[in-house]
Amino acid sequence: MKRNLLYSLLMLFVVSFSSNAQVSMTGPGASGAWGVDVNLSSTDGVIWTLDNFIMPGGEFKFRLDGQWTTNWGATTFPSGTGTQDGPNIPAIAGTYNITFNQSTGEYNFTGGAPIPVVKLVGTAVTSVDGLLLATADAENYYINNATLVDGTAQFDVDATIYGGDTFPGGVVSDASLFIPVVGGDYSSVTLNIATGEYTFTAAPIFQIISITGSGATGWGNDTYLNTTDGINYTLSGLTLSSGEIKFRQGSDWAVNWGDSAWPTGVATQGGPNIPCVAGTYSVTFNRETGEYNFFFPIVSLTGSATGGWGDGFDFNLATTDGVLYSMTNFTLGVGECKFREGNSWTVNWGGADWPAGVATLSGPNIPSVPGTYDIDFNKVTGDYFFSPSLSSVSFNNGNFKVYPNPSQNVWNIASANEAITSIQIMDVLGKTVMTVAPQATSAVVDASALNSGIYFARIATASATSTVKVVKN
């Protein structure tokens, strides 16, 4: 009994260990590009290592299984503690021995050229140990989003103190000088250790703008917009019901804007309530001109299955409410895909299941099967479904042959039973490059004028269609 139990436990350990995931680095600072992974090795599934690796310099992150679902980032280099969805790590070019602890997020890069450690210290800094500055080139150091108090500050460079006597910028000298800091929030603090130049850039103070009304969360209940300049305000994912709304400043009625037009218009101070229609919208509002716009966010499909990742390879879905998005009769090739908002990676959804599943934010790439589909996606719940288009119900691939494949000149296509009514040759972007209508059980497709690469042949009979990958050498 004990022996069997020990054997079972041993096998459980072996199976558990064999399923350990893969930790990698990705980004221009490590692999040269985002989405390209450099794998680390592990003997216990916790400590991951890579020796004598040349870092090109720049930003990177650690991630699990080549996906963004689990990733680690931080602001410090050559060592630090990565956190889930943390910031990009700024790497300095060099050759390093790398260790990463999957359980704690701790990482360390050793063996490269010495990198000075720079801190901001003094009575203006609330942390006893000072604030650690980051760098991507071992010369320009920075902190983003620092909160300081009234007091003095100096820079600690490898335990040597340098100070200055001007604020918010100047040139550091020796330890006898103290930078007179005015307390507040700072978007950045920088130091160039080669020239000694430093800057304290105060975070701008912007007016708070919100939306309130019966069409939002009720009159007097505020939903706040975002801004980077105090003039243009934005918000995405705002769910409205049919009713009325207004913009207002500082959660107060002293300054408010309204108009009678929907979904766009020019709001005026103390203007009428804005009538709104139920839906989930993205919003823009210009505090100076009063111009506003409520629109449904763009949701697109992109990926290797659509012809390429990212910019230039987005195919937008349609919506009538900003929640349910759809696209009909869309052809996918071999590869993977994801949904994303606003043709940007800031908000994207992925899932591991095909042809239906629940996509999560920054989830894994969706594996796809070549074909023509009607696509449905719920932006709120993440539910997606790829169903074969009604106009493209496939017949059994065994009922036809394509040869030679790959080919240098022609593809011979033959149907076992029905006459082929049309053959549509598409490139990996889904663009039709050739169409023939043989009206016979066999056809010869001349590919001599096509560039070498992968194509898809959509073969139709009177009753159904099917898509097959063809290659031109």
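It should be emphasised that the depicted structure is a prediction, and the values quoted were computed from it without experimental measurement.

Asks: Give a detailed account of the pattern of salt bridges, specifying residues and quantitative values.
Replies: Side-chain pairing between opposite charges can occur once the charged atoms of the two side chains come close. Under the criterion given, the structure shown has four salt bridges. A salt bridge links R248 to D222; the nearest nitrogen and oxygen atoms lie 2.8 Å apart. Placement of R248 in strand 26 (residues 243-249) and of D222 in strand 23 (residues 218-224) is noted, with a sequence separation of 26 residues between them. Side by side, R248 and D222 carry an identical accessibility label, which is buried. Residue K379 is joined to E341 by a salt bridge in which the shortest nitrogen-to-oxygen separation is 3.2 Å. Placement of the pair is K379 in the loop between strand 42 (371-378) and strand 43 (383-388) and E341 in strand 37 (residues 335-341), with a sequence separation of 38 residues. Both residues of the pair, K379 and E341, count as buried.

Asks: Any details on the sheet that holds strand 21 (residues 197-202)? Residues and values, ideally.
Replies: Read from one edge of the open sheet, five strands run 14-15-20-21-18, paired in antiparallel fashion. Of all strands in the sheet, those with a lone pairing partner are strand 14 (134-135) and strand 18 (169-171), marking the two edges. Summarising the sheet, strand 15 (residues 140-148) and strand 20 (residues 184-192) pair through eight bridges and their orientation is antiparallel. What sits directly across from L148, in strand 20, is G184.

Asks: Explain the nonpolar core to me, and be specific about the residues and the numbers.
Replies: M25, F62 and F155 are the most contacted members of the largest nonpolar core, which has 44 residues in total. Ignoring anything within four residues of it in the chain, the contact list for F62 reads V23, S24, M25, L40, N71, W72, I89, F100, Y107 and F109.

Asks: Residues and numbers for the sheet that holds strand 48 (residues 442-446), please.
Replies: Taken in spatial order, the three strands make up an open sheet running 44-45-48, and their pairing is antiparallel. Because the sheet does not close on itself, it has two edges, and the strands there are strand 44 (400-403) and strand 48. Strand-to-strand twist in this sheet, taken as the mean axis angle between neighbours without regard to direction, amounts to 15°. Pairing geometry for strand 44 and strand 45 (residues 410-415), over four bridges, is antiparallel. Residue pairing in the sheet places K401 in a bridge with A414 of strand 45.

Asks: I'd like a description of the layout of surface pockets, backed by residues and values.
Replies: The computed volume of the largest pocket comes to approximately 530 Å³. Contributing to the lining of the largest pocket are 19 residues, with W34, G35, R63, W68 and W345 lying nearest its centre. Among the elements of the structure, strand 2 (33-39), strand 5 (58-64) and strand 6 (67-73) are those that each provide at least two residues to the lining of the largest pocket. Take the lining of the largest pocket: its biggest share by element is three residues, from strand 6. Of the residues that constitute the lining of the largest pocket, the class distribution is five nonpolar, 10 polar and four charged. Contributions of two or more residues to the lining of the second largest pocket are made by strand 13 (131-132) and strand 15. By residue number, the principal contributor to the lining of the second largest pocket is strand 15, which donates five residues. When grouped by side-chain class, the residues that make up the lining of the second largest pocket number seven nonpolar, five polar and one charged.

Asks: Now, about the side chain of S407: what can you tell me, with residues and values included?
Replies: As for its position among the elements, S407 is in the loop between strand 44 and strand 45. Residues within four places of S407 in sequence aside, it is in contact with V471, K472 and N473.

Asks: So, the packing of aromatic side chains: which residues are in play, and what are the values?
Replies: Summed over the entire model, instances satisfying the criterion amount to 38 aromatic pairs. Where F77 meets Y96, the ring centres are 5.5 Å apart and the plane angle is 90°; that geometry is what we call edge-to-face. You can see F77 sitting in the loop between strand 6 and strand 7 (79-81) and its partner Y96 sitting in strand 10 (residues 94-101), a full 19 residues away along the chain. F77 gets classed as buried once you look at its relative accessible area, which sits at 9%. Its relative accessible area of 2% is what places Y96 among the buried residues. Between Y384 and F386, the aromatic rings sit 6.1 Å apart at their centres with planes inclined by 75°, giving edge-to-face as the arrangement. Per residue, the accessibility class of Y384 equals that of F386, and both read buried. Every member of this aromatic cluster is reached through a ring pair, and the members are F60, F62, W72, F77, Y96, F100, Y107 and F109. Positioned above the aromatic ring of W253 is the side chain of R248, whose terminal nitrogen or guanidinium carbon lies 4.6 Å from the ring centre. Over the aromatic face of W345 sits the side chain of R340, whose NZ or CZ is 4.6 Å from the ring centroid.

Asks: Requested: an account of the environment of A33, with residues and values cited.
Replies: Turning to its location among the elements, A33 is positioned in strand 2. Sequence-wise, A33 and G58 are 25 residues apart; in three dimensions their C-alpha atoms are separated by 10.0 Å. Beyond its immediate stretch of four places on either side in the chain, A33 contacts T26, G27 and P28.

Asks: Report on the pairing of strand 32 (residues 291-295), specifying residues and quantitative values.
Replies: Residues Y292 and F294 line the buried face of strand 32, whereas the alternating positions E291, N293 and F295 sit on a face that is not buried. In this structure, strand 28 (residues 264-266) lies alongside strand 32, joined through three bridges in antiparallel fashion. Following the sheet pairing, T264 is matched in strand 32 by N293. Relative to strand 32, strand 31 (residues 279-286) runs antiparallel, the two sharing four bridges.

Rules of the game
Residues numbered from 1 in each chain as written. Predicted model: local features only at pLDDT ≥ 70, side-chain atom pairs only at ≥ 80, totals over all residues. Heavy atoms only, no water. Salt bridge = Lys/Arg side-chain N within 4 Å of Asp/Glu carboxyl O. Helix = DSSP H or I, 4+ residues; strand = E, 2+ residues; numbered from the N terminus. Buried < 20%, exposed > 50% of the residue type's maximum accessible area, 1.4 Å probe, protein only. Pairing = 2+ DSSP bridges. Core = buried A, V, L, I, M, F, W, Y, C linked by side-chain atoms within 4.5 Å. Contact = heavy atoms within 4.5 Å. Axes fitted to C-alpha atoms, helices over the stretch in contact; angles between N-to-C directions. 1 Å grid on protein atoms, 1.4 Å probe; cavity = no way out; pocket = protein on both sides within 12 Å on 5 of 7 lines; lining within 4 Å. Points joined across faces, edges and corners; volume = space filled by probe spheres on them. Nonpolar A, V, L, I, M, F, W, Y, C, P; charged D, E, K, R; others polar. Phe/Tyr/Trp six-rings, centres within 6.5 Å; stacked < 30°, edge-to-face > 60°. Lys NZ or Arg CZ within 6 Å of the ring centre and 35° of its normal.

In short, the description is geometric, and any link to function would need to be established separately.
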